[in-house]
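The chain contents come next:
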There are 2 protein chains.
Amino acid sequence: MRDLEVPLRFHPLGRTVHVLPGTRLSEAAAIAGLPLEMPCGGEGTCGKCRVVMRPAPEPTPAEARLLSPDELARGVRLACQHVAENELDVEVPRSSLAGHECRILAGSHTEVPEPTDPPVRKVFVQLPPPHRGDDVADLARLQRAVGPLEADLDLLRQLPARLRQCQFRGTAVVEASRLLDFEPGDTRAHGCALAVDLGTTTLVAALVELATGDQRAVTSRLNPQTTCGDDVLSRILYAQRPGGLHELQQRIASAVDEMIGELAENAGIRREAIYTVAVSGNTTMQQLFCGVDPQCLGQVPFVPATSDAIQAPAATVGLHIHPRGRVYVLPVIGGFVGGDTVAGILSTRLTASPRPALLVDIGTNGEIVVWTGQRLLAASTAAGPAFEGARISQGMRASVGAIEKVVLRDGDLHLNVIGNAPPVGLCGSALIDAAAELLRAGVLTPEGRLLTHDQLPVHTPEPLRRRLLADNGKPAVVLAWESDSGHGRAVTLTQRDLRELQLASGAIRAGIAILLKRAGLSPADLDTVLLAGAFGNFIRRSNAQRIGLLPGEVPRQRIRFVGNTSLAGARWTAISLAARQQAHCLARQTEHVDLSSDPDFHATFARSMIFPQGASSS
Amino acid sequence: MRDLEVPLRFHPLGRTVHVLPGTRLSEAAAIAGLPLEMPCGGEGTCGKCRVVMRPAPEPTPAEARLLSPDELARGVRLACQHVAENELDVEVPRSSLAGHECRILAGSHTEVPEPTDPPVRKVFVQLPPPHRGDDVADLARLQRAVGPLEADLDLLRQLPARLRQCQFRGTAVVEASRLLDFEPGDTRAHGCALAVDLGTTTLVAALVELATGDQRAVTSRLNPQTTCGDDVLSRILYAQRPGGLHELQQRIASAVDEMIGELAENAGIRREAIYTVAVSGNTTMQQLFCGVDPQCLGQVPFVPATSDAIQAPAATVGLHIHPRGRVYVLPVIGGFVGGDTVAGILSTRLTASPRPALLVDIGTNGEIVVWTGQRLLAASTAAGPAFEGARISQGMRASVGAIEKVVLRDGDLHLNVIGNAPPVGLCGSALIDAAAELLRAGVLTPEGRLLTHDQLPVHTPEPLRRRLLADNGKPAVVLAWESDSGHGRAVTLTQRDLRELQLASGAIRAGIAILLKRAGLSPADLDTVLLAGAFGNFIRRSNAQRIGLLPGEVPRQRIRFVGNTSLAGARWTAISLAARQQAHCLARQTEHVDLSSDPDFHATFARSMIFPQGASSS
């Protein structure tokens, strides 16, 4: 398939990605690891996704309107306006990058938080040494320069010597009114915070500068709790075994602590230069991370231990950062709707517009939020890990070798593989793509049944027809033949995989339906639909609508991908006290809807398992 | 000497004390362990020191005025109005007792704090268990009943199970907005606080009820740091040795922890039922207790690590109380003027009257406070441990066997011994008494020289003359002959002992003089002189004035003994948040005067070493 693809060289990374012709440059940039600022959702109206293209194509009308003649002459174009056709060099200026600071997640709202109120701040002081006419206590001397301060006893024990060692010239590290440390000399430029997204399946951690909010490094890994169960309910059950809670806590905390080591090394800092950690996850993940038994979350009426933010010394959860550094775990809304959802509402500024909006965070637990313009409603739905590649026969996470895109063109399926490697499996976006294309081709019925050769529509093209197998009498579709794969076996999509997709997609679709009903809205009322989740950026909106994951009634340009909003919200709260305050308010303000107690839930869920009729697709 | 004494039986204790004829009943009651309420200072004007005397003497005019005919008929009399003459039964009603609550220290101000705002409060709740229509988080459920709460992670981990074990019916233990514990059932009646006075020489601890402020038990012991040096400067030096600070911290903390065990056993409670500890001491003692190196206190300009109150988990200083219980160490004023002085200002309500007042706390470190009606000034002076019996050849603490009073009558010295035991030494009050009586008899010169036989005034009575010895050529006075003593040796007072007294008394007298000068006051301006210190109640005012320890210009009725105000202030802050707030304000409001930097200090100190001329004595 490689010969079909178009190579694009992205700068400044110097990375070449191979994409199918017709792929938008903005999407290709994201695949290259350079997600672009695109608050208008790629409509060519905001002019923010500027790149320099060589060779530069003819400007589109939108570009002629938004770019200056000088820019046009230099080859500046908007990445949302062009698709890959031929080999190309693309230079991405820093100002167009989402990802730096919190902009990737700003949605339609361009205002972004500045780290003017970090939870841990540094104040450089040069204090007059004590003398007979000025004999105030050491801490009081520091308070005169810094403001009200309390010091933990262990630090107070060191303070007199510390002050004198550096001749009263040093940097106070302050968390709220708590003195965290006193460092010799001016260390204001140094100091980091950590943001952690505790996914049921995937852990992501980002190291950011406290002073600027800039991201220094990011890493992710599989949640090592997955061997104890692949969804939250199985983890809750595991926690009830003798030693189970302890094991789950240890596993997740050790993994985060290892990521801290890795991030610190990559950024060239000491662990002790990390002063605060903000943690976001669903309620179960947050409780397990804190070592709080989630037993009561596993039974009606699904009660968390607390809905407030948890703050605790990092050491008490097993993280090694600054010795007096603390973790902040986001507040939860209720039931399974946890800090990750609060983080999503926060970082997308969902409530900033008075118009109705929907936020869908697709993960092993799907979270759905409806903003009516006045009320916030949120629910959690057990989508299962299908979108993260689990429970799919050849599913995998969105990493090198994963088929991430499937396109039906010229009668056959064409693939894009992450890292341009030979495919070894498929990730969630390819699952959606494949199902959508098979529905369009009439090879998959709305009820989710994969047709056999004798049942296929007569116009089914031959290449596609060849891909349909009956594996032990069970129908399957070959995505990659064994000769093209990275492991010598064909990569197939089975009937059972499609059933898993129906369950996962149906759970979310039913959740959306019930939440909209409770909010008194119909899908057409929605001004914006935000799709969050680590793999969101890879999903094609039309396909998500085709399989019914997102409401078909919503015009496509209103759907936007906002990436990993759980991590984004953790980043906000890692560097801003105002964000923590806002998280608290949002968590309290949001009405928790327990879907399973809705009288219509079962009927709605059953209906939602059926893929929409073709008329509603594009 | 026993035959001279009069036995008084005190009820309800049933304790008999033997006192010299002429001893006031109020003083005898204090010796019996029943200190009386006496806000008027024993002037017969307040009518608070009611006791029942059998046989009852004729009522005095004051009693006729203050007591009802019925009371008089029942034998009710005022203890301040009568002296011991014959054998007597004295019943002390509870309402006359100082010591219960904080009244012992209320001075002239009758308003006393009620524990309406204890730092740790208990709230009994019966919560509706969660159900589908009410699925708020566990902590939020508790918050609905109790108000804003935070929970330490270790408690949060236990909370869900705790709540369900007692069917959501239990008692929240709350410190400020921090949930300290959740106990099954209604435990409001149970719960204690501890108040600790960290004296340089003596440690005292009192266990009080959180709910009522009532004292449950009290104990004291020698500060085990004394083997590392008997004053604060030697302790500071000791702390500079390798391991010295650690040893000093361990010694004092272990002693306090042992006292906790003893008090808990005496009161029949578990250590874990103590939720908070308030600690008062001079700056050095407080820092050593907290494990903070006092090195900077040992050199000009004598800088404490902090002047704020220190709050820390009890376990971090080595105390074993409730696992989440904290210690509160009082704020300090500056230099050596520590929390004990703040406690004194607080518990005597020194600033409640607009008229000038002096507070003198006599201990190994003497603390002096002047209230001008608008300004508070405080200083510390190194009196040394003479008043606590140290550095005196046969000195001892005010415990059984200590001569506590010396009276010159009928030409000879008469003694009172604590516990009516044969004497084995003398305590501070006897030292003052003896010096005053010897000065009056002309046997001791104002310069502090004990005359030899050939130098004695001609009228010196023979019995007194016989008591004067030249021990190895050094003059000494026999207080108790070897035949009367408890250890078969004579109890003597040496020339060297009197020099120690001169130093101790002179240091305090000089401090008072300089502080009054700074305040723009003369001794005659003082409306009240409060004498604090554990042994204060045993001192005779006339003798304290005779030796110059207290200014002779102050009319005697203005001098009042207020007992251990350091412990009293610790008790206030152990049971009242308002008291903690007030302590903070008083500490900040008080001007710290460094005596040694006063240009007049050396001259004043030298002058103060001279005992006043007889004219000023009574």
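Residues numbered from 1 in each chain as written. Chains lettered and ligands numbered in written order. Predicted model: local features only at pLDDT ≥ 70, side-chain atom pairs only at ≥ 80, totals over all residues.

Asker: Residues and numbers for the overall build of chain A, please.
Answerer: For chain A, the count of helices and strands is 17 helices and 27 strands. Here the C-alpha atoms of chain A give a radius of gyration of 26 Å, agreeing with the 25 Å that 2.2 N^0.38 yields for 618 residues. Taken across its 618 residues, chain A has 53% of its residues classed as buried. (Helix = DSSP H or I, 4+ residues; strand = E, 2+ residues; numbered from the N terminus. Rg over C-alpha atoms; globule rule 2.2 N^0.38 Å. Buried ≥ 20, exposed ≤ 12 C-beta atoms within 10 Å, placed from the backbone.)

Asker: Let's hear about the sheet that holds strand β9 (residues 178-184) of chain A: which residues, and what values?
Answerer: Residue and element names in this part refer to chain A. Here four strands make up an open sheet; going across it, the order is β6-β8-β9-β7 and the pairing mixed. The outermost strands of the open sheet, each flanked by one partner alone, are β6 (120-126) and β7 (150-151). Relative to β9, strand β8 (residues 169-175) runs antiparallel, the two sharing six bridges. For G170, the partnering residue across the bridge sits in β9 and is P184. The sheet strands contacting helix α4 (residues 138-146) are β6, β7 and β8, and the helix crosses β6 at an angle near 105°. (Pairing = 2+ DSSP bridges. Contact = placed C-beta atoms within 7 Å. Axes fitted to C-alpha atoms, helices over the stretch in contact; angles between N-to-C directions.)

Asker: Would you mind going over the relation of the copies chain B and chain A in detail, with residue names and values included?
Answerer: One copy of the chain maps onto the other through a rotation about an axis plus a displacement along that axis. Each copy superposes on the other: chain B lies on chain A with an RMSD of 0.1 Å after a rotation of 180° and an axial shift of 0.0 Å. In symmetry terms, the pair is related by a two-fold rotation axis. Closest to the rotation axis within chain B is the C-alpha of P313(B), separated from it by 6.9 Å. Counting the interface residues of chain B, we find that 100% of their copies in chain A are interface residues as well, pointing to one common contact surface. (Least-squares fit on C-alpha atoms with pLDDT ≥ 70 in both.)

Asker: Residue-level account of the interface of chain B and chain A, with values.
Answerer: How big an interface is tends to be expressed through the accessible area that disappears when the partners come together. At the interface, 37 residues of chain B touch 37 residues of chain A. Only α4 (138-146), α5 (153-156), α6 (159-165) and β14 (310-313) of chain B provide two or more residues apiece to the side of chain B that touches chain A.

Asker: Just give me the short version of the confidence of the model for chain A, but keep the residues and values in it.
Answerer: Residues and elements named next belong to chain A. Taken as a whole, chain A shows an average pLDDT of 89; of its residues, 94% reach a score of 70 or greater. Taken together, the stretch residues 99-112 has pLDDT below 50 and engages in 42 contacts with residues farther than four places along the chain or on a different chain. Both scores are available for the predicted complex, with the pTM at 0.81 and the ipTM at 0.81. (pLDDT = per-residue confidence, 0-100.)

Asker: Tell me about the packing of helix α10 (residues 339-347) of chain B against helix α15 (residues 565-575) of chain B, residues and numbers included.
Answerer: Residues and elements named next belong to chain B. Where α10 contacts α15, the two axes come as close as 7 Å, and the packing angle between them is 75°. Accordingly, the angle class assigned to the pair α10 and α15 is roughly perpendicular. The segment α10 lies against α15, with D340, V342, A343, G344, L346 and S347 engaging T565, S566, A568, G569, A570 and W572. Each residue belonging to the contact of α10 with α15 can be placed in one class, and the counts come to six nonpolar, five polar and one charged. (Parallel < 35°, antiparallel > 145°, perpendicular 65-115°, else oblique. Nonpolar A, V, L, I, M, F, W, Y, C, P; charged D, E, K, R; others polar.)

Asker: I'd like a rundown of helix α8 (residues 244-267) of chain B, residues and numbers included.
Answerer: Residues and elements named next belong to chain B. Spanning 24 residues, α8 covers 35 Å between terminal C-alpha atoms, matching the ideal 34 Å at 1.5 Å per step. By the burial criterion, the buried members of α8 are L245, L248, Q249, I252, V256, M259, I260, L263 and A264. At its buried positions, α8 is contacted by β10 (192-198), β11 (202-209), β12 (215-222), α7 (232-239), β13 (274-281) and α9 (283-290). Downstream of α8 by one or two residues, G268 has phi in the positive range, about 70°. (Expected span 1.5 Å × (residues − 1).)

Asker: Could you give an account of the domain arrangement of chain A, naming the residues involved and the relevant values?
Answerer: We note that the domain assignment places domain 1 (2-98), domain 2 (120-184), domain 3 (192-329), domain 4 (348-385 + 520-616) and domain 5 (387-501) within chain A. Here the C-alpha centroids of domain 1 of chain A and domain 4 of chain A sit 28 Å apart. (Domains from an automatic or database assignment.)

Asker: A description of unusual backbone geometry should follow, citing residues and the corresponding values.
Answerer: In this chain, R54(B) is followed by P55(B) through a cis amide linkage whose omega measures -5°. Within the element layout of this structure, P55(B) appears in the loop between β3 (50-54) and α2 (61-66). For the bond from V300(B) to P301(B), the omega torsion is 5°, close enough to zero to count as cis. Note on placement: P301(B) falls in the loop between α9 and β14. With a phi close to 55°, F302(A) is a non-glycine residue in the positive phi region. With respect to the helices and strands, the residue F302(A) is situated in the loop between α9 (283-290) and β14 (310-313). Overall, F302(A) belongs to the buried group, with 23 C-beta atoms counted inside 10 Å. We note that D410(A) has phi near 55°; this positive angle belongs to a residue other than glycine. Counting through the fold element by element, D410(A) comes out in the loop between β19 (402-409) and β20 (412-417).

Asker: How would you sum up the sheet that holds strand β1 (residues 6-11) of chain A? Please name residues and give values.
Answerer: Residue and element names in this part refer to chain A. Ordered in space as β2-β1-β5-β3-β4, the five strands form an open sheet in which the pairing is mixed. Lying at the two open borders of the sheet, with one neighbouring strand each, are β2 (15-19) and β4 (76-78). Across the sheet, the mean angle from the axis of one strand to that of its neighbour is 35°, orientation sign disregarded. Bridging between β1 and strand β5 (residues 88-91) involves four bridges; their strand directions are parallel. Along β5, the bridge assignment pairs L8 with L88.

Asker: Before we move on, could you go through the pairing of strand β5 (residues 88-91) of chain B and cite the residues and values that matter?
Answerer: One face of the sheet, then the other: side chains in a regular strand alternate in exactly this way. Residue and element names in this part refer to chain B. Side-chain alternation along β5 places L88 and V90 on a buried face and D89 and E91 on a face that remains uncovered. Sheet topology note: the β3/β5 ladder contains three bridges and is antiparallel. Note that in β5 the partner of R54 across the bridge is D89.

Asker: Please provide a residue-by-residue account of the environment of G548(B), values included.
Answerer: Residue and element names in this part refer to chain B. Checked against the element boundaries, G548 lands in the loop between α14 (541-546) and β26 (559-563). G548 sits 372 residues away from A176 along the chain, and the two C-alpha atoms are 47 Å apart. If we skip the residues at most four places from it in the chain, G548 touches S505, R509, S608, F611 and P612.

Asker: Let's hear about the environment of C166(B): which residues, and what values?
Answerer: All names here are of chain B. The topology assignment puts C166 in the loop between α6 and β8 (169-175). In this structure, the C-alpha to C-alpha distance between C166 and E183, residues 17 residues apart in sequence, is 8.6 Å. Setting aside residues no more than four positions away along its own chain, C166 makes contact with P184 and G185.

Asker: Tell me what's going on with the pairing of strand β17 (residues 366-371) of chain A, and back it up with residues and numbers.
Answerer: All names here are of chain A. The buried fraction of β17 is high, at six of six residues. Burial along β17 is two-sided: G366, I368 and V370 and E367, V369 and W371, pointing in opposite directions, are all buried. Pairing between strand β16 (residues 357-361) and β17: five bridges, direction antiparallel. The partner of L358 across the bridge, within β17, is V370. A loop of four residues connects β16 with β17, the two strands running antiparallel in sequence. By the bridge criterion, six bridges tie β17 to strand β18 (residues 376-381) in an arrangement that is antiparallel. Among the inter-strand pairings, E367 is bridged to a residue of β18, identified as S380.

Asker: Run through the environment of R132(A), naming residues and quoting values.
Answerer: Within the secondary structure, R132(A) sits in the loop between β6 and α4. Assessed through the 11 C-beta atoms surrounding it within 10 Å, R132(A) is described here as exposed. Excluding anything up to four places from it in sequence, R132(A) contacts V300(B), P301(B), D594(B) and S597(B).

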